[in-house]
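An overview of the molecular structure
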Amino acid sequence: MMSLETKPALQLPVIDFTSRDLKPGTVEWESVRGDVRRALEEYGCFEALFDKVTVELRKAVFEASEDLFGLPIETKQRIVSDVKYRGYVGQNPTTPLYEGVGIDVADNEEQVKAFTQKLWPQGNMSFSETVLSFTKHVSELDFKIRRMVMESFGIDENYVDKHLKSTKCLMRMMKYRGVDETEEELGMEAHTDRNVLTIVCQNDVIDGLEVKTKDGRHWIKANPSQDSSFLVIGGSILHVLLNGRVQPAVHRVVRMGTETRYSAGHFSMPNTEELIYAPDEMVDAAFPRLFNPFGFEAYYKFTCEGSGRRDLSALKTYCSLLK
Ligand SMILES: O=C(O)CCC(=O)C(=O)O
Ligand SMILES: [Fe+2]
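Predicted, not measured: the structure shown is a model, and the values here were computed from it.

Definitions and cut-offs
- Residues numbered from 1 in each chain as written.
- Chains lettered and ligands numbered in written order.
- Predicted model: local features only at pLDDT ≥ 70, side-chain atom pairs only at ≥ 80, totals over all residues.
- Heavy atoms only, no water.
- Donors = N, O, S within 2.8 Å, 3.2 Å for Na, K, Ca; no water.
- Helix = DSSP H or I, 4+ residues; strand = E, 2+ residues; numbered from the N terminus.
- Buried < 20%, exposed > 50% of the residue type's maximum accessible area, 1.4 Å probe, protein only.
- Contact = heavy atoms within 4.5 Å.
- Polar contact = N/O pair within 3.5 Å; in protein donor to acceptor, adjacent residues only side chain to side chain.
- Pairing = 2+ DSSP bridges.
- Phe/Tyr/Trp six-rings, centres within 6.5 Å; stacked < 30°, edge-to-face > 60°.
- Lys NZ or Arg CZ within 6 Å of the ring centre and 35° of its normal.
- 1 Å grid on protein atoms, 1.4 Å probe; cavity = no way out; pocket = protein on both sides within 12 Å on 5 of 7 lines; lining within 4 Å.
- Points joined across faces, edges and corners; volume = space filled by probe spheres on them.
- Nonpolar A, V, L, I, M, F, W, Y, C, P; charged D, E, K, R; others polar.

Bringing the coordination of the iron ion (ligand 2) into the picture now. Bound to the iron ion (ligand 2) on the protein side are His 191 (NE2), Asp 193 (OD) and His 251 (NE2), at distances that span 2.1 to 2.2 Å. Written as a sequence motif, the donor residues of the iron ion (ligand 2) are H-x1-D-x57-H. Placement of the pair is Asp 193 in the loop between strand E7 (185-191) and strand E8 (197-202) and His 251 in strand E12 (residues 251-255), with a sequence separation of 58 residues. In this pair, the class of Asp 193 matches that of His 251, namely buried.

Our focus in this paragraph is the environment of Asp 16. Relative to the helices and strands, Asp 16 is located in strand E2 (residues 14-16). For Asp 16, a relative accessible area of 41% puts it in the partly exposed group. For the pair formed by Asp 16 and Met 174, sequence separation is 158 residues and the distance between their alpha carbons is 25 Å. Aside from chain neighbours lying at most four places away, what touches Asp 16 is Leu 22, Val 32 and Leu 49. There is a polar contact of 2.5 Å between the side chain of Asp 16 and the side chain of Thr 18.

When you tally the buried positions in strand E6 (residues 167-176), you get 10 out of 10 residues, the bulk of the element. Burial along E6 is two-sided: the face carrying Thr 167, Cys 169, Met 171, Met 173 and Lys 175 and the face carrying Lys 168, Leu 170, Arg 172, Met 174 and Tyr 176 are both buried. Two strands pair when backbone bridges link them, and strand E5 (residues 98-103) and E6 are joined in this way by 6 bridges, in the antiparallel orientation. From the neighbouring strand, Val 101 faces E6, where its bridge partner is Met 173. In this structure, E6 lies alongside strand E13 (residues 261-270), joined through 10 bridges in antiparallel fashion. Along E13, the bridge assignment pairs Tyr 176 with Arg 261.

Quick look at the environment of Gly 100 now. Mapped onto the fold, Gly 100 is located in strand E5. Between the C-alpha atom of Gly 100 and that of Val 61, which follows or precedes it by 39 residues, the distance is 14 Å. Filtering out sequence-adjacent residues up to four positions away, Gly 100 remains in contact with Phe 69, Gly 87, Tyr 88, Val 89, Met 173 and Met 174.

Enumeration according to the criterion identifies 11 aromatic pairs in this entry. For the ring pair Tyr 299 and Tyr 318, a centre distance of 5.8 Å and an interplane angle of 50° mean the geometry is tilted. Highlighted residues: Tyr 299 in helix H8 (residues 296-303) and Tyr 318 in helix H9 (residues 312-322), separated in sequence by 19 residues. Accessibility expressed as a relative area gives 1% for Tyr 299, which makes it buried. According to the relative accessible area criterion, Tyr 318 is buried, its value standing at 10%. The positively charged end of Arg 58 is found above the aromatic ring belonging to Phe 230, 4.6 Å away from the centroid. Geometry around Tyr 300 places Arg 194 over its ring, the cationic atom sitting 4.1 Å from the centre.

What follows covers unusual backbone geometry. Positive phi, close to 45°, is recorded for Val 105, a residue that is not glycine. With respect to the helices and strands, Val 105 occurs in the loop between E5 and helix H4 (109-119). Positive phi, normally seen in glycine, also occurs at Asn 243, with a value near 50°. With respect to the element layout, Asn 243 can be found in the loop between helix H7 (236-241) and E12. Owing to a relative accessible area of 1%, Asn 243 belongs among the buried residues under this scheme.

Attention now moves to empty space enclosed by the protein. Scanning the entire structure with this criterion turns up 3 cavities of 30 Å³ or more. Here the largest cavity is characterised by a volume of approximately 150 Å³. Taken together, 17 residues make up the lining of the largest cavity; nearest its centre are Met 174, Met 188, Val 200, Leu 209 and His 251. Among the secondary structure elements, those contributing two or more residues to the lining of the largest cavity are E6, E7, E8, E12 and E13. A class-by-class count of the residues in the lining of the largest cavity yields 8 nonpolar, 4 polar and 5 charged. Here the second largest cavity is characterised by a volume of approximately 90 Å³.

Below, the structure written as structure tokens:
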């Protein structure tokens, strides 16, 4: 495998969403919108500062993760899904440091309570409340960013509203156990996300997450710079909706220390019944339609099979098979 240099000097753009006046139509909104578009065009991702998820709430999320991953393996295995990676995944031979669990429709009270009930039949109110509070706030950021990026490419407001209503959110709690050896070990292999937008935060300013530059020559360390930092990553569905105007960022998690890294991700993904295709505004002579309409779940399942399942070539292969 080609080894790529990690360049400490390279940094992702940092975009501030902490302003209370960040509303569509304002000068400030337009300025941030421009930054979002440039960052996604250049890196496929960026660091967002967003303090509606308070330091206390973050702490509660990672304490909840610690409680969850501390449960006996048989309990965690109660979280199953017919879709790979959405249920509990524990210490696979290929990614021995990683453990993760997905909470589907994690902004819905009933669903979160049902999830909690499976792990704690006697109840765990604070777990459900923490999850719901986290997804409520992060969804707000996710909606803002998606609205901004679509607007910045001139997509009609009605389409944007419809698009935002047609997605759901998956929350994933993740744990990467620390390693004793000094050598680098992979926490999660390089991949692109298959949803619309991913927003992740981690428990501390420790090394781990890295993003590949557009030219594919370097890895940029994506360590959070502040307590209010989130990493925002464009997924393959955003690439499809914008007809190739932004590339999904290739990223990976490396573990280099003894500390345990916890992360929490908010993944916006299309509803099962919706067909995915770029709106007409995104298609012209310079940008002919790249992908024919397709359904999300079948594409997702396709990318879970075989090798290279989580990259742009898998999306291209899948869509060419539909022709
Ligand atoms: O743990 C992280 O920070 C990133 C995880 C990730 O890339 C993913 O779940 O797709
Ligand atoms: Fe990812």
